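# A structural walkthrough
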Amino acid sequence: MQDTPLSGPLVVGIDVGGTKTHLRALTGDTVVADHVRPSGGWRPHDPVAAAGWLAALLSEALPKGVRPSALAVGAHACETARQCTQIRTALQLHFAVPALVVGDAELLVPAAGLDKGVGLVAGTGSVAVGRLPDGRAVQVGGWGALLGDEGGAAGLVREAVRAVWAAHDRGERPDALALGLLTAFDVPEVPGLGAALEAATAPSAEWGRHAPAVFAAAEAGSDLARTVVADAGRALAALVGRLAARGVVVDDVVVAGSTVLAQSSLYDAFTAALAQGVPTARTQPLRAAPVEGAVAMARSLV
């Protein structure tokens with residue numbers, strides 16, 4: 001079939017998140033496609049499979065016969081420059097056009113209309129990314145629920161359980177945090193929380209969905225929960241501090257993620273800790289959709 005004629009180059013931006021994927025395609029200021037679908041089947045550690053998944057997404061989302069002039073992808077779990085380059089190379093076998101693949105946190109700064117800065121995400125997990133003066137990307141955090149992701153939903157729940165265990169070992173009666181976690185995990189006693197965590201087949205998602213119990217306990221007056229939230233804020237600020245220590249320009253920090261933006265107590269704890277650790281940094285919550293950052297990157301390729 002002949003390609004459908006367009007009035008100008010078609011730029012495509014794709015935000016592949018951990019849960020959902022958002023594709024937006026424009027020619028000039030005209031939106032040709034705006035498509036959201038689940039991210040099921042995304043395999044970023046297999047470049048060929050990842051490129052095939054993206055090619056199928058483009059075929060599904062774009063009008064029949066329409067092909068991109070340039071495309072940029074912010075990819076969840078694309079953790080190194082080498083990995084992103086391999087996906088881009090495989091993708092260009094499907095579409096011989098200028099393409100760029102980066103980690104999804106890198107979309108935040110251009111989505112906010114900035115040329116440089118730090119993107120910090122605290123949703124189910126947590127990660128921060130910025131660039132050195134020579135343009136190289138630096139990512140910190142994002143190590144998953146078992147070992148890291150402090151300040152993300154799963155990390156908050158993990159640390160909340162640890163705090164409840166410590167209180168149990170001190171002989172303290174279960175407080176609002178302990179009771180909330182027992183209800184969330186449907187176990188009768190504090191010692192049972194360990195088995196509940198270990199039974200998770202997808203810890204990030206399964207632990208993270210119980211984060212509201214931590215914030216509810218903090219609002220109910222639990223000192224344990226309030227300490228967990230404050231520590232999470234400090235952990236997020238520490239990610240920015242690590243980037244600054246490595247030479248990344250951190251004057252502007254764009255914040256996104258369903259956990260930190262939905263919970264003012266966590267956002268306030270983060271900004272307070274950042275003001276102490278990196279006083280020159282300015283924070284702003286991301287108001288635009290992250291896919292706008294991918295669109296801006298794709299425009300730069302035309």
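Residues numbered from 1 in each chain as written. Predicted model: local features only at pLDDT ≥ 70, side-chain atom pairs only at ≥ 80, totals over all residues. Heavy atoms only, no water.

### Thoughts on the sheet that holds strand β2 (residues 20–27)
How we decide: By the convention used here, strands pair only if DSSP detects at least 2 bridges between them. Helix numbers and strand numbers start at the N terminus; a helix is a DSSP run of H or I with at least 4 residues, a strand a run of E with at least 2. To obtain an axis, a line is fitted to C-alpha atoms, over the contacting stretch when the element is a helix, and the angle between two such axes runs from 0 to 180 degrees between their N-to-C directions. Two residues qualify as a contact provided that any one of their heavy atoms is within 4.5 Å of a heavy atom in the partner residue.
Read from one edge of the open sheet, five strands run β3-β2-β1-β4-β5, paired in mixed fashion. Each edge of the open sheet carries a strand with a single partner, namely β3 (30–38) and β5 (99–103). Adjacent strand axes in the sheet meet at a mean angle of 10 degrees, parallel and antiparallel pairs treated alike. Two elements, β2 and β3, share eight bridges in a ladder whose sense is antiparallel. Across the sheet, residue Leu 23 finds its bridge partner in β3, namely His 35. Packing against the sheet, helix α1 (residues 47–61) makes contact with β1 (10–16), β2, β3 and β4 (70–75), and its axis sits at approximately 125 degrees to β3.

### A few points about helix α2 (residues 81–91)
How we decide: Burial classes follow relative accessibility: with a 1.4 Å probe on protein chains only, a residue under 20% of its type's maximum area counts as buried, one over 50% as exposed, and anything between as partly exposed. To be clear, the arc concerns the directions from the helix axis to the C-beta atoms.
Every buried residue of α2 is listed here: Gln 83, Cys 84, Ile 87, Ala 90 and Leu 91. In a view along the axis of α2, the buried residues occupy a sector of 125 degrees, so they form one face of it. Away from its buried face, by an angle of more than 90 degrees, α2 presents the exposed residues Ala 81 and Arg 82. Elements in contact with the buried residues of α2: α1, β4 and β5.

### Considerations on the nonpolar core
This is how the line gets drawn: The criterion is simple. A nonpolar core is a set of buried Ala, Val, Leu, Ile, Met, Phe, Trp, Tyr and Cys residues joined through side-chain atoms within 4.5 Å.
Core analysis: the largest hydrophobic core is formed by 56 residues, its most contacted members being Leu 177, Leu 193, Val 253 and Phe 270. Leu 177 has contacts with Ala 160, Val 164, Ala 213, Val 214, Ala 217, Ser 222, Leu 224 and Ala 225, leaving out every residue within four places of it along the chain. Of all hydrophobic cores here, the second largest spans 30 residues; its members include Val 12, Trp 53, Leu 57 and Leu 62.

### Some thoughts on the sheet that holds strand β7 (residues 126–131)
Within the open sheet, the five strands sit side by side as β8-β7-β6-β9-β10. Their pairing is mixed. Every interior strand has two partners, whereas the edge strands, β8 (137–141) and β10 (282–285), have only one. Each strand axis lies, on average, 20 degrees off the axis of its neighbour in the sheet, ignoring direction. Two strands pair when backbone bridges link them, and strand β9 (residues 252–256) and β10 are joined in this way by four bridges, in the parallel orientation. From the neighbouring strand, Asp 252 faces β10, where its bridge partner is Arg 282.

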